[in-house]
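Reading the structure
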Amino acid sequence: MPGYKLPRLKDRTIIIYKEVLFQGCGRRCHMQVMVELFGIPRARAGIESTVAIGSNLGDVLADLASRFPQLAETCIDGRELRVGYIANLRAEQFVTSADTPLSEGDTLLLLSLDAGG
């Protein structure tokens, strides 16, 4: 895919670099967000964590869906989470809105509502 580099690191984390038009900054930016997967999302993606690109939750979900089709089939619908799945931002709040803003270096946990219960 044009615009992507897929280096594999020893810990199996995949880092993706993709240009994203960051709303309001008027220039191209690379916004990387650490995504940790738990429960069903982890099983479908086949990885524990990855780095995704996006300035909001919808962008990150779309990036994940494009790289992990089985994750998308089960957990992601376009730029939103399917019913039964939720994201936790910075271990501070649960979020589901595609418009939730993200910052460079944020950590996002993606899990099914029954995980850990």
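Within any chain, residue numbers begin from 1 and follow the written order of that chain's sequence. Confidence filtering applies because this is a predicted model: local features only for residues at pLDDT of at least 70, side-chain atom pairs given and counted only at 80 or more, and all residues used for totals across whole chains, interfaces and linings. As a rule here, side-chain values cover all heavy atoms of the structure and leave hydrogens and water aside.

1. Considering the pattern of salt bridges
Heads up, the condition is: Put simply, a salt bridge is a Lys or Arg side-chain nitrogen that is within 4 Å of an Asp or Glu carboxyl oxygen. For the purposes of this entry, the term helix denotes a DSSP run of H or I that reaches at least four residues, the term strand denotes a run of E that reaches at least two, and both are numbered from the N terminus. Only protein chains enter the accessibility calculation, which uses a 1.4 Å probe; a residue whose area is less than 20% of its type maximum is buried, one above 50% is exposed, and one in between is partly exposed.
One pass over the full model with this rule turns up four salt bridges. For R79, the salt bridge is made with D59, and the minimal N-O distance between the two is 2.7 Å. Here the residue R79 occupies a position in the loop between β5 (76–77) and β6 (80–81), and D59 occupies one in helix α2 (residues 57–67), the gap between them amounting to 20 residues. Overall, R79 belongs to the partly exposed group, its relative accessible area being 34%.

2. Concerning α2
We count it as follows: Pairs of N or O atoms within 3.5 Å make up the polar contacts considered here, provided that, within protein, one atom can donate a hydrogen while the other can accept it, and that residues adjacent in sequence are counted only when both atoms are side-chain atoms.
The element α2 is extensively covered by neighbouring structure, given that eight of its eleven residues are classed as buried. By the burial criterion, the buried members of α2 are L57, G58, V60, L61, D63, L64, A65 and R67. Where α2 begins, the capping side chain belongs to N56, and its oxygen is found 3.1 Å from the backbone nitrogen of G58.

3. Description of the confidence of the model for the protein
Counted only if it meets this: A residue's pLDDT is the predictor's confidence in that residue, given on a scale from 0 to 100. Two residues qualify as a contact provided that any one of their heavy atoms is within 4.5 Å of a heavy atom in the partner residue.
Averaged over all residues, the pLDDT of the protein equals 80, while 72% of them reach at least 70. Per-element mean pLDDT across the protein ranges from 39 in strand β1 (residues 20–21) up to 97 in strand β7 (residues 85–89). Ignoring residues within four places in sequence, the model shows residues 1–28, a span with pLDDT below 50, making 51 contacts including any to other chains.

4. Describing the nonpolar core
Inclusion rule: We define a nonpolar core as any set of buried Ala, Val, Leu, Ile, Met, Phe, Trp, Tyr and Cys residues linked to one another through side-chain atoms lying within 4.5 Å.
Core analysis: the largest hydrophobic core is formed by 24 residues, its most contacted members being V35, L37, V60, L64, L71, I76 and L108. The set of elements that each furnish at least two residues to this core consists of β3 (32–37), α2, α3 (69–75), β7 and β9 (107–112). With five residues, α2 is the largest single contributor of residues to this core. Other than its neighbours up to four places away in sequence, I76 contacts L61, L64, A65, L71 and R82.

5. What about the pairing of β9?
To be explicit about the condition: We treat two strands as partners when DSSP finds at least two bridges between them.
As defined by bridge partners, β3 adjoins β9 across four bridges and the pair is classed as parallel. Bridge pairing in β9 places M34 opposite T107. Where β7 lies against β9, five bridges are found, and the strand directions are antiparallel. Bridged to Y85 within β9 is S112.

6. Topic: unusual backbone geometry
A positive phi is found at R90, a non-glycine position, where the angle reads about 55 degrees. Along the chain, R90 falls in the loop between β7 and β8 (93–95). One non-glycine residue with positive phi stands out, namely A91, at about 55 degrees. Assignment of secondary structure puts A91 in the loop between β7 and β8. Classification of A91 by relative accessible area gives exposed; the value is 68%.

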